[in-house]
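The lines below spell out each chain.
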Amino acid sequence: MVNVKFYLDKADKSKHYPIHLVLRQKDVQVKVATGEKVLKKDWDAKKQLVKETEYTHKSINKFLLFLKQEVDKHFETAPHSQFTDKKVKEKILSLVNSRKQNTDVSMVCEDLTEYQAMQKIAFLDLFAGAGGFSEGFLQAEYGNKFYDFRLASDINENCELTHLARYNYQLGMDAEFLRQDITEPDFIDNLLKK
């Protein structure tokens, strides 16, 4: 059984605490920085989640949940020879670094008051890939309408990382992602749940 926990490390000069992942499983113990930082007042140590008082809490919490799920999945599917401190740390760091690469963009926030009078049209992105379809809709406006990105789906792990990084972390959206083969019998049920 794998034990994955998150904790706050020592604060930096701006009083932000880095969130670290610690994993314990039999002979394996790994600590990895997630690349996320929060103020201490915005961290719920009991739930191991960022509180709603932090502006980007949804995207950070989704990323932490994603990391935990990927670690659990790695221990379920990887050969036992992969269960060394070094190999597990490499796997986690690859997920963290992939997110960093996909979020290294500065965003300009627009005034949202003009959008309050506009009509939202929700959309899903199936076979999402890297998200070009979603980007097109998000940049499109017509008359008094704009598009509200609700969910993307693809079978590829890197597509999921890209979507979480771009839409939930960079843009602060609450877009869901379903990583599942569309031909699986429970796909529609899982889609509707999301």
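The rules we used
- Residues numbered from 1 in each chain as written.
- Predicted model: local features only at pLDDT ≥ 70, side-chain atom pairs only at ≥ 80, totals over all residues.
- Heavy atoms only, no water.
- Pairing = 2+ DSSP bridges.
- Helix = DSSP H or I, 4+ residues; strand = E, 2+ residues; numbered from the N terminus.
- Axes fitted to C-alpha atoms, helices over the stretch in contact; angles between N-to-C directions.
- Core = buried A, V, L, I, M, F, W, Y, C linked by side-chain atoms within 4.5 Å.
- Buried < 20%, exposed > 50% of the residue type's maximum accessible area, 1.4 Å probe, protein only.
- Contact = heavy atoms within 4.5 Å.
- Salt bridge = Lys/Arg side-chain N within 4 Å of Asp/Glu carboxyl O.
- pLDDT = per-residue confidence, 0-100.
- Polar contact = N/O pair within 3.5 Å; in protein donor to acceptor, adjacent residues only side chain to side chain.
- Parallel < 35°, antiparallel > 145°, perpendicular 65-115°, else oblique.
- Left-handed = near helix turned anticlockwise from the far one by under 90°.
- Nonpolar A, V, L, I, M, F, W, Y, C, P; charged D, E, K, R; others polar.
- Patch = residues over 30% accessible without salt bridge, like charges linked within 9 Å, V, L, I, M, F, W, Y side chains within 5 Å.
- Areas by Shrake-Rupley, 256 points an atom, 1.4 Å probe, with all protein chains shown as cover.

K.L.:
Explain the sheet that holds strand β3 (residues 28–39) here, please?
P.N.:
Strand pairing within a sheet occurs via backbone hydrogen bonds; the two strands may be parallel or antiparallel. Spatially, β1-β2-β3 is the arrangement adopted by the 3 strands of the open sheet, whose pairing is antiparallel. If you trace the sheet from one side to the other, it starts and ends with β1 (3–8) and β3, each paired once. If you compare each strand with its neighbour and ignore which way they point, the axes differ by 20° on average. With 9 bridges joining them, strand β2 (residues 16–25) and β3 adopt antiparallel strand pairing. By the bridge assignment, His20 is partnered in β3 with Ala33.

K.L.:
What is the right way to look at the nonpolar core in this model?
P.N.:
Soluble globular proteins tend to bury their nonpolar side chains together. Judged by nonpolar contacts, the single largest core of 29 residues is most densely connected at Ile19, Leu23, Trp43 and Ile92. Only β1, β2, β3, α1 (57–77), α2 (85–102) and α5 (157–170) provide two or more residues apiece to this core. Among the elements that take part in this core, α1 stands out by supplying 7 residues, more than any other. Every residue in contact with Leu23, bar those within four places of it in the chain, is listed here: Val2, Asn3, Val4, Val28, Gln29, Val30, Val71, Phe75, Val88 and Ile92.

K.L.:
Just to check I follow, could you spell out the pattern of salt bridges for this structure?
P.N.:
Once the charged atoms of two side chains with opposite charge are near each other, the side chains can pair. The final tally for this structure, using the stated rule, is 12 salt bridges. The salt bridge involving Lys62 is made with Glu176; its shortest N-O contact spans 3.5 Å. Of this pair, Lys62 sits in helix α1 while Glu176 sits in strand β9 (residues 176–179), and the two are 114 residues apart along the sequence. Across the pair Lys68 and Asp72 runs a salt bridge whose closest N-O atoms are separated by 3.5 Å. Taken together, the residues span about one helical turn, with Lys68 and Asp72 both in helix α1 at a distance of 4 residues. Look at the salt bridges and you will find they share partners, linking Glu70, Lys73, Lys91, Glu157, Glu160 and Arg179 into a network.

K.L.:
Please explain the confidence of the model for the protein chain as it appears in this structure.
P.N.:
The predicted coordinates of low-pLDDT regions are not to be read in fine detail. Looking at the protein chain as a whole, its pLDDT mean stands at 81, while 86% of the residues score no less than 70. Of all helices and strands in the protein chain, the one with the weakest mean pLDDT is helix α3 (residues 113–116) (48), whereas strand β4 (residues 43–44) scores best (94).

K.L.:
What is the right way to look at the environment of Asp181 in this model?
P.N.:
With respect to the secondary-structure elements, Asp181 resides in the loop between β9 and α6 (187–193). For Asp181, a relative accessible area of 29% gives the class partly exposed. Setting aside anything within four residues of it in sequence, one finds Asp181 in contact with Ile155 and Phe187. One polar contact links Asp181 to Thr183, side chain to side chain, over a distance of 2.8 Å.

K.L.:
For this particular structure, what's the right way to read the packing of α1 against α5?
P.N.:
The relative placement of two packed helices is expressed as an angle between their axes plus a distance between the axes. Running from amino to carboxyl end, α1 crosses α5 at an angle of 160°, the nearest separation of the two axes being 9 Å. When the axes of α1 and α5 are compared, the pair comes out roughly antiparallel. Between α1 and α5 lies a crossing of left-handed hand. Note on element contacts: α5 touches α1 through Glu157, Glu160, Leu161, Leu164, Asn168 and Tyr169, opposite Ser59, Lys62, Phe66 and Glu70. Class assignment of the residues belonging to the contact of α1 with α5 gives a composition of 4 nonpolar, 2 polar and 4 charged.

K.L.:
What is the right way to look at unusual backbone geometry in this model?
P.N.:
Outside of glycine, negative phi angles account for most residues, and trans bonds account for most peptide bonds. Positive phi, close to 70°, is recorded for Lys15, a residue that is not glycine. Here Lys15 lies in the loop between β1 and β2. In this structure, Gln48 takes a positive phi of about 55° despite not being glycine. Here Gln48 lies in the loop between β4 and β5 (49–50).

K.L.:
Sorry, what's going on with a nonpolar patch on the surface here?
P.N.:
Taken together, the side chains of Leu124, Leu126, Phe127 and Ile182 define a hydrophobic patch exposed on the protein surface, amounting to about 370 Å² of accessible area. Relative to the elements of secondary structure, Phe127 occurs in the loop between β6 (119–126) and α4 (132–139). A relative accessible area of 62% means that Phe127 is categorised as exposed.

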